[in-house]
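# Chains, contacts and geometry: an overview
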Amino acid sequence: MSQPQNTFKLNDGVHHIPMIGLGTYNGSKVGEVGNAVKVALKSGYRHIDGAAIYMNEKEIGHALKEVFAEGEIKREDIFYVSKLWNSCHHASLVRKHCEKTLEDLGLEYLDLYLIHWPIAFENADPSGVTIQPLKDDNGEPILAPISIRETWQEMEKLVEYGLVKSIGVSNFNVQNLVDLLTYAKIKPAINQVEVHPYLSQPNLKYFCDRNGIILTAYSPLGQGKCDLLSNETLKSIADKHNKTVANVIFKWLNQRGIVTIPKSSNPARIIENFNIFDFQLSNEDMNNINSLNSNLRTCTPANFCKIPLFD
Ligand code: A2P
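Now for a quick tour of the structure. All values derive from a computational prediction rather than experimental measurement. (Residues numbered from 1 in each chain as written. Predicted model: local features only at pLDDT ≥ 70, side-chain atom pairs only at ≥ 80, totals over all residues. Heavy atoms only, no water.)

### Observations regarding the overall build of the protein
Within the protein, the regular secondary structure consists of 10 helices and 10 strands. Against the compact-globule benchmark of 19 Å for 311 residues, the protein has a radius of gyration of 19 Å, which places it among compact chains. Overall, the C-alpha framework of the protein stretches about 60 × 45 × 40 Å when taken along its three principal axes. Across the 311 residues that make up the protein, the buried fraction comes to 54%. Counting only contacts in the protein whose residues sit at least 6 apart along the sequence, the fraction spanning at least 24 positions is 73%. (Helix = DSSP H or I, 4+ residues; strand = E, 2+ residues; numbered from the N terminus. Rg over C-alpha atoms; globule rule 2.2 N^0.38 Å. Buried < 20%, exposed > 50% of the residue type's maximum accessible area, 1.4 Å probe, protein only. Contact = heavy atoms within 4.5 Å.)

### Some words on the nonpolar core
Of all hydrophobic cores here, the largest spans 83 residues; its most connected members are Tyr80, Trp152, Met155, Leu177 and Leu180. In terms of residue count, helix H8 (residues 245–255) provides more of this core than any other element does, seven residues in total. If sequence neighbours within four positions are ignored, Trp152 has contacts with Ile115, Ile167, Gly168, Val169, Leu180, Tyr183, Ala184, Ile186, Lys187 and Pro188. Within the second largest apolar cluster, 12 residues are counted, among which are Leu10, Met19, Phe79 and Val259. (Core = buried A, V, L, I, M, F, W, Y, C linked by side-chain atoms within 4.5 Å.)

### Looking at unusual backbone geometry
Here Asn171, not a glycine, exhibits a phi torsion of approximately 65 degrees, which is positive. By the element assignment, Asn171 lies in the loop between strand S7 (164–170) and helix H5 (174–183). Using a relative accessible area of 3% as the deciding quantity, one classes Asn171 as buried.

### A short note on the layout of surface pockets
Empty space within the largest pocket amounts to approximately 720 Å³. Looking at the largest pocket, it is lined by 32 residues, and the ones nearest its centre are Ile53, Tyr54, Trp85, Asn303 and Phe304. In terms of residue class, the lining of the largest pocket is made up of 14 nonpolar, 14 polar and four charged. A volume near 400 Å³ is recorded for the second largest pocket. Around the second largest pocket sit 18 residues that line it, and Leu221, Leu229, Lys263, Ser264 and Arg269 are the ones nearest its centre. Of all the secondary structure elements, the ones that give two or more residues to the lining of the second largest pocket are H8 and helix H9 (267–273). Among the elements that take part in the lining of the second largest pocket, H9 stands out by supplying three residues, more than any other. Residue classes in the lining of the second largest pocket are distributed as seven nonpolar, eight polar and three charged. (1 Å grid on protein atoms, 1.4 Å probe; cavity = no way out; pocket = protein on both sides within 12 Å on 5 of 7 lines; lining within 4 Å. Points joined across faces, edges and corners; volume = space filled by probe spheres on them. Nonpolar A, V, L, I, M, F, W, Y, C, P; charged D, E, K, R; others polar.)

### Quick word on the pattern of salt bridges
Close approach of charged atoms allows side chains of opposite charge to pair. Evaluated as defined, the whole model comprises 12 salt bridges. The partner of Lys29 in a salt bridge is Glu32, with the nearest N and O atoms 3.6 Å apart. In this structure, Asp49 and Lys83 form a salt bridge, with 2.7 Å as the shortest nitrogen-oxygen distance. Linking Asp49 in strand S4 (residues 47–49) with Lys83 in strand S5 (residues 79–84), this pair joins segments that are 34 residues apart in sequence. (Salt bridge = Lys/Arg side-chain N within 4 Å of Asp/Glu carboxyl O.)

Right, dumping it as structure tokens:
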């Protein structure tokens, strides 16, 4: 990818990640996520964040094909991220599922591929073609005896094969990273976790900074599940800068050196969310936002399993 403005350099010293991207989870209505990707790319985004489990990579692939066909934006202009699902951690499945994602997207390589969660499930299909987990009688996914080490070593091979430029992780805590760093030949470039003013993750950020790992903030607006957008402190900072609360949150993340990937399928909000490059928060603004931390987590694995991963 050429080096546009507003990027952070990854720890290989070569690749750069645009500091704001479009999140694509939950685009449930057909056409919604494809349209969101087209609007985003046409309004300046150069970073799209997806995952196999979002079940929409084919639709995004069609949208990318249309955008590339128009000629103004080329493959190498964008930074595309996808994630390996929990039921695909076995050494024999990592390449297969990366290739499936690439096929669905119509891309020859990913800019970044992440292990979605530090947790492995048995695959429902003996040949591992599906991403559905094998479930027990209570409908709970069955844990697979696969270490992160086994999966990471296969992720490293994807870089060698030229299928992905960089690799990283998602939803890893400090302990997960400490262990991973004992054997990783390629250090994770990114750890993608929930971060917003009510969950500012100072300790994880401190550890990642010291180990050359960049944080990407998912659910920077708390998925709309908390009152972030009506928080008085954030509103007064937004009014002062003539910006929206969402803009202030993304700017606060970026000034901390954190990438962010707000999800929206609403064209006006997609454009609004990118409008953060013409103002600066003061140290006082930053400190006031930092003081809002209350360790409030809006995303847990509860929607796919009962493992209390963050407790
Ligand atoms: P919509 O897709 O209708 O815009 P998060 O990125 O924290 O997971 O939050 C995503 C949620 O926040 C979505 O429901 C999205 O709805 C909404 N959203 C995205 N951008 C904005 C914005 N600028 N203002 C208000 N809500 C937003």
